[in-house]
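Structural description and commentary
Read off the chains here:
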Amino acid sequence: MSREALTRMTKIEIVARTVDADAVRRQIVAAGATGYTSLPAVAGLGHHFAHEGRQLFNDRDALTLIITVVPDDRADDLIEGLRSLLDLTAGVMFVSDTYVSRPHYFR
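Residues numbered from 1 in each chain as written. Predicted model: local features only at pLDDT ≥ 70, side-chain atom pairs only at ≥ 80, totals over all residues. Heavy atoms only, no water.

A few words on the overall build of the protein. For the protein, the helix and strand inventory stands at two helices and six strands. Listing every helix and strand of the protein by position from the N terminus yields β-α-β-β-β-β-α-β. The dimensions of the protein, computed from C-alpha atoms along their principal axes, are 45 × 30 × 20 Å. The proportion of buried residues among the 107 residues of the protein is 31%. (Helix = DSSP H or I, 4+ residues; strand = E, 2+ residues; numbered from the N terminus. Buried < 20%, exposed > 50% of the residue type's maximum accessible area, 1.4 Å probe, protein only.)

Read across the open sheet, the four strands follow the order E2-E5-E1-E6; overall the sheet is antiparallel. With one partner strand each, in any of the chains shown, strand E2 (37–42) and strand E6 (91–100) form the two edges of the open sheet. The sheet shows a mean angle of 20 degrees between the axes of neighbouring strands, direction not considered. With 10 bridges joining them, strand E1 (residues 7–17) and E6 adopt antiparallel strand pairing. (Pairing = 2+ DSSP bridges. Axes fitted to C-alpha atoms, helices over the stretch in contact; angles between N-to-C directions.)

Before going further, it helps to spend a moment on the nonpolar core. Judged by nonpolar contacts, the single largest core of 16 residues is most densely connected at Ile-12, Ile-14, Val-24, Ile-28, Val-70, Leu-78 and Leu-82. When residues of this core are traced back to their parent elements, those giving at least two are E1, helix H1 (18–30), strand E5 (63–70) and helix H2 (72–88). Tallying contributions element by element places H2 first for this core, with six residues. (Core = buried A, V, L, I, M, F, W, Y, C linked by side-chain atoms within 4.5 Å.)

Dropping the structure here:
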């Protein structure tokens, strides 16, 4: 299947502290996204050094990866809102073009 048969949309991925994940998810829903995927206890290395996955007694300091896909016409407002949130707390956001096979799932 080629991309010509797919519909272009915007994928937004946010790595945020788990304590901030609800605020991220609320912004995604408020922006009209029809869904998101939330992956708790992600691990990695970044600006604030290495983060382990879930810690046994303190999962609030863990990181959560939240992924959503929105039509391009809804992306800019969501990106701006998430940037404002991330200006106040730790976290990173990745924005990229993506292609979906069932565009009605995302409208």
